[in-house]
Amino acid sequence: AITAESVRWLQEEAPQYDQPWVLFVSLTCPHPPLRAPQEFFDLYPLEQIELPESFRAAGWSNHPAIAALRFRNELDQELDETIQRRALATYYGLCSFMDANVGQVLQAIETTGLRDTTRIIYTSDHGEMAGEHGHWGKSTMYESSVGVPLLMAGPDLPANQRCTVNVSLVDLFPTILDGVGARLDPTENDLPGTTLWPIATGQEKPERVAFSEYHAAGSPTGIFMLRDERYKYLYYVGMSAELYDLTADPQEQHNLVQSPDHQAILARLDRQLRTLVDPDAVDAAAKAHQQQMIDQHGGLAAVIAAGPPFVQGTPTPTEFLHHRPDDNIRA
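Residues numbered from 1 in each chain as written. Predicted model: local features only at pLDDT ≥ 70, side-chain atom pairs only at ≥ 80, totals over all residues. Heavy atoms only, no water.

## Side note on the overall build of the chain
- Helices and strands together make up the secondary structure of the chain, namely 11 helices and 6 strands.
- Here the C-alpha atoms of the chain give a radius of gyration of 22 Å, agreeing with the 20 Å that 2.2 N^0.38 yields for 331 residues.
- Dimensions of the chain along its principal axes, counting C-alpha atoms only, are 55 × 50 × 50 Å.
- Here the chain holds 331 residues, and 37% of them are scored as buried.
- Taking the contacts inside the chain whose residues are at least 6 apart along the sequence as the reference set, 63% of them involve residues at least 24 apart. (Helix = DSSP H or I, 4+ residues; strand = E, 2+ residues; numbered from the N terminus. Rg over C-alpha atoms; globule rule 2.2 N^0.38 Å. Buried < 20%, exposed > 50% of the residue type's maximum accessible area, 1.4 Å probe, protein only. Contact = heavy atoms within 4.5 Å.)

## Here we look at the layout of surface pockets
- Estimates place the volume of the second largest pocket at around 180 Å³.
- As for the second largest pocket, its lining consists of 16 residues, and the residues nearest its centre are Ser61, Asn62, Glu242, Tyr244 and Asn255.
- Here the residues of the lining of the second largest pocket are counted per class, giving 5 nonpolar, 9 polar and 2 charged. (1 Å grid on protein atoms, 1.4 Å probe; cavity = no way out; pocket = protein on both sides within 12 Å on 5 of 7 lines; lining within 4 Å. Points joined across faces, edges and corners; volume = space filled by probe spheres on them. Nonpolar A, V, L, I, M, F, W, Y, C, P; charged D, E, K, R; others polar.)

## A few points about a nonpolar patch on the surface
- Together, Val22, Ile121, Leu150, Val167 and Ile176 give the surface a local cluster of nonpolar side chains, amounting to about 330 Å² of exposed area.
- Residue classification places Val167 among the partly exposed residues on the basis of a relative accessible area of 31%. (Patch = residues over 30% accessible without salt bridge, like charges linked within 9 Å, V, L, I, M, F, W, Y side chains within 5 Å. Areas by Shrake-Rupley, 256 points an atom, 1.4 Å probe, with all protein chains shown as cover. Salt bridge = Lys/Arg side-chain N within 4 Å of Asp/Glu carboxyl O.)

## Looking at the pattern of salt bridges
- Tallied over the entire structure, the rule returns 17 salt bridges.
- Here Arg8 ties to Glu5 by a salt bridge, and the two come within 2.8 Å at their closest N and O atoms. Of the two residues, Arg8 and Glu5 both sit in helix 1 (residues 2–12), 3 residues apart, roughly one turn of that helix.
- A residue is classified by how much of its surface remains accessible, and Arg8, at 24% relative accessible area, is partly exposed.
- The class of Glu5 is partly exposed, set by a relative accessible area of 42%.
- Among the ionic pairs, Asp228 bridges to Arg268, the shortest N-O distance being 3.1 Å. Here Arg268 lies in helix 8 (residues 263–276) and Asp228 lies in the loop between strand 4 (223–227) and strand 5 (231–236), a separation of 40 residues in the sequence.

## As for helix 1
- Residues Thr3, Ser6, Val7, Trp9 and Leu10 constitute the buried set of helix 1. Angular distribution of buried residues about the axis of helix 1 spans 160°; they occupy a single face of the element.
- Elements that come into contact with the buried residues of helix 1 comprise helix 4 (81–111). (Arc of directions from axis to C-beta.)

## Looking at the confidence of the model for the chain
- Mean pLDDT over the chain: 89, with 93% of residues reaching 70 or higher.
- Within the chain, the element-level pLDDT minimum falls on helix 11 (residues 317–321), averaging 58, and the maximum on strand 5, averaging 98. (pLDDT = per-residue confidence, 0-100.)

What follows is the structure, given as structure tokens:
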């Protein structure tokens, strides 16, 4: 339905504009529950599915925050391999189903003659752990969760070029404004992020860090991430930190926080993090605000009893990995 409306808008309304426009196409897939159209599920035979290196309990992260998240999602016991393969096949099928919908939108841009005047940005709000460290969903700062796709195309952008500069979703707001010739409102001048067009066109190749923080559902504490071109530092409020060499260890299997050879790097990244934020103070403020909202709605028991919209309506990983017999994923 979202695709159909987007195609209709491109065909019927976009040609009427004599000034730049922005169309936001927010496709839901791939998203739980894991139920892919059969023809897309069939693209991925179960025997050909490669399981992640850390899908076995022996390879799981033993960090207390990650262990608590697995416990909260009822994933603290190793899943059957067949369920894992079906889950991955369905997730990949949903990705291909989404790709087919994106293709329809791109085809509409082509057939309406808008290709030569339209820039396209493709991205996502988060990744998918997909069984790594025994976890499904998001809520971590590991690459499979915090890393998102970002593709940019347009008549003035180089084709088939990969850029390795660290960029972030906060860069998209100034990028979109810049792309249509709009200016920041004075109240927005202090927002983080910079336009990505100079980076995408190769005019600039700055050294940048990527920053992220998380205090929400399933998190036993505040989690902060700082990533430079090689290393990722994870700071957990009140818990031990993590440090990963993403060049030597892209699967984030070896925490270097205790390594004598990496203490200078650890200290540098911690100082850099604290130039951006006071992690302990920010987490305390986030938790206080959460408690305030809970109190406003009658307390924790009342919020849980009320269900959606107070409690997220998306199924938990355990729920979407154990469906009815006629679903793609079944126990």
